[in-house]
Amino acid sequence: MALGAMLCVQFGLAISVALIDRVGPEGAAWLRLAWAGVLMALIVRPRRSAFTRRSFGYCVLLGVVTAAVTLLFMAALQRIPLGTASALEFLGPLGVAVATAGGGRRMLWPALAAVGVLLLTQPWSGDVDMIGVLFALGAAVCWACYILLTQRVGDAVVGANGLAVSMPTAGLVATVVAGPMVFDRITPELILIGFGLALVLPVIPFTLELLALRRLSTSAFGTLMCLEPAFALGIGLLILHQTPGALALAGVAFVVVAGLGAARAGARSSSMPAEAVHPA
């Protein structure tokens, strides 16, 4: 499920890059989030009985974080390559993996992933747009929060009800922040493109991630998500014609090994949502 989510994310981001030239990074992010919010609300139709006051608050907070990570990452894509931006963003999941992993061999996987991320970004070269890097690092912080909150929501709320609150919240936040900057550039064609893009990213991958986090520890999931720069590198090459160098390819090898190791070691002991045991 996590791997399927990664593939959807990177394919959707590659399509989003083409939209940036037409509506800017904020417009591409707004189209995705606004449509995703509408679709999740209509498909799931969340029930009030599925939430406690605390779990509903987590869902709203998850929506705010989702909007922030999307807006920041799209701004980064305007300035730096997809593979580099993804590698920097996934310092967030890597941080979660390091913070929540136990001692011993489990620390090996985040360490290998860290080496891979360094090789992918090559910060010593000095050629990367620093504003783009800062946007990607901001997205990394938000992505770490997203992982922790998604697991909390997945454990506390039955089914996809949590996403049916968080995604509309993200759409509203994006509308308030980015909407006024892009409304005059939106055409019927772009609205339809945004609808299709919202299905690929974020509706399908975020649903898969919610399900995956019910089965994996945050440490394993955080390290596994460091495979995403490798997906980004491949998609960037095939669709955007962004050719990686030898060090970037070596970085891919490190994060692949780290992700596989984390996936094998990271199953959770229980995946039952709390409200399935204690109804609201």
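Everything that follows concerns the structure shown earlier in this document.
In this report, the structure presented in the accompanying data block is examined.

What counts as what
- Residues numbered from 1 in each chain as written.
- Predicted model: local features only at pLDDT ≥ 70, side-chain atom pairs only at ≥ 80, totals over all residues.
- Heavy atoms only, no water.
- Helix = DSSP H or I, 4+ residues; strand = E, 2+ residues; numbered from the N terminus.
- Buried < 20%, exposed > 50% of the residue type's maximum accessible area, 1.4 Å probe, protein only.
- Areas by Shrake-Rupley, 256 points an atom, 1.4 Å probe, with all protein chains shown as cover.
- Axes fitted to C-alpha atoms, helices over the stretch in contact; angles between N-to-C directions.
- Left-handed = near helix turned anticlockwise from the far one by under 90°.
- Contact = heavy atoms within 4.5 Å.
- Nonpolar A, V, L, I, M, F, W, Y, C, P; charged D, E, K, R; others polar.
- Expected span 1.5 Å × (residues − 1).
- Salt bridge = Lys/Arg side-chain N within 4 Å of Asp/Glu carboxyl O.
- Phe/Tyr/Trp six-rings, centres within 6.5 Å; stacked < 30°, edge-to-face > 60°.
- Disulfide = S-S within 2.5 Å.
- Parallel < 35°, antiparallel > 145°, perpendicular 65-115°, else oblique.
- Core = buried A, V, L, I, M, F, W, Y, C linked by side-chain atoms within 4.5 Å.
- Polar contact = N/O pair within 3.5 Å; in protein donor to acceptor, adjacent residues only side chain to side chain.

## A closer look at the overall build of the chain
When its secondary structure is counted, the chain shows 12 helices and zero strands. When the helices and strands of the chain are placed in sequence order, the string is α-α-α-α-α-α-α-α-α-α-α-α. Taken across its 280 residues, the chain has 52% of its residues classed as buried. Of the roughly 12100 Å² of accessible surface on the chain, 69% is carried by carbon and sulfur atoms.

## A short note on the packing of helix H3 (residues 82-89) against helix H5 (residues 108-121)
For the pair H3 and H5, the least separation of the axes is 9 Å and the interaxial angle reads 145°. In the packing of H3 onto H5, the handedness of the crossing is left-handed. Packed against H3, whose contacting residues are Thr-84, Ala-87 and Leu-88, the element H5 presents Val-117, Leu-120 and Thr-121 at the interface. Grouping the amino acids of the contact of H3 with H5 by side-chain chemistry returns four nonpolar, two polar and no charged.

## Some details on helix H8 (residues 188-212)
Compared with an ideal rise of 1.5 Å per residue, which puts 25 residues at 36 Å, H8 spans 35 Å between its outermost C-alpha atoms and is within 8% of the ideal. Of the residues making up H8, those classed as buried are Leu-190, Gly-194, Leu-197, Ala-198, Leu-201, Pro-202, Val-203, Pro-205, Phe-206, Glu-209, Leu-210 and Ala-212.

## Examining the pattern of salt bridges
By the definition in use, this model includes three salt bridges. Between Arg-22 and Glu-189 there is a salt bridge whose closest N-O contact spans 3.2 Å. Of this pair, Arg-22 sits in helix H1 (residues 2-44) while Glu-189 sits in helix H8, placing them 167 residues apart in sequence. The class of Arg-22 is partly exposed, set by a relative accessible area of 41%. When the shortest N-O distance is used, the salt bridge between Arg-185 and Glu-26 registers 3.1 Å. With a gap of 159 residues between them, Arg-185 in the loop between helix H7 (161-182) and H8 and Glu-26 in helix H1 connect regions that are remote in the sequence. Assessed through its relative accessible area of 31%, Arg-185 is described here as partly exposed.

## Some words on the packing of aromatic side chains
Under the criterion given, the structure shown has four aromatic pairs. Ring centres of Trp-30 and Phe-183 lie 5.3 Å apart, and the angle between their planes is 75°; on these two criteria the pair is classed as edge-to-face. One end of the pair, Trp-30, is in helix H1; the other, Phe-183, is in the loop between H7 and H8, and 153 residues separate them in sequence. Here Phe-183 falls in the partly exposed class, since its relative accessible area comes to 45%.

## Regarding the state of the cysteines
Evaluated as defined, the whole model comprises zero disulfides. Just so you know, Cys-142 is unpaired, no disulfide at all, and the nearest cysteine sulfur is the one on Cys-145, 6.3 Å from it.

## Overview of the packing of helix H4 (residues 91-100) against H5
Here H4 crosses H5 at 160°, and the two axes come no closer than 10 Å. The orientation of H4 with respect to H5, classified from their angle, is roughly antiparallel. Considering how the two elements wind past one another, H4 and H5 form a crossing that is left-handed. Each of Leu-91, Leu-94, Ala-97 and Val-98 in H4 lies in contact with H5, whose residues at this interface are Pro-110, Ala-113, Ala-114 and Val-117. When grouped by side-chain class, the residues that make up the contact of H4 with H5 number eight nonpolar, no polar and no charged.

## A word on the nonpolar core
Judged by nonpolar contacts, the single largest core of 62 residues is most densely connected at Leu-13 and Leu-77. Those elements that place two or more of their residues in this core are H1, helix H2 (53-77), H3, helix H6 (130-156), H7, H8 and helix H10 (228-238). Among the elements that take part in this core, H1 stands out by supplying 14 residues, more than any other. Leaving out residues up to four positions away in the same chain, Leu-13 has contacts with Arg-32, Phe-73, Met-74, Leu-77, Leu-82 and Leu-201. Counting eight residues, the second largest nonpolar core, distinct from the first, contains Val-117, Leu-120, Ala-230 and Ala-248.

## Considerations on H6
Compared with the 39 Å implied by 1.5 Å per residue over 27 residues, the 39 Å span of H6 between its first and last C-alpha is a close match. Regarding H6, its N-cap is Asp-129, as a side-chain oxygen of that residue lies 2.9 Å from the backbone nitrogen of Ile-131 further along.

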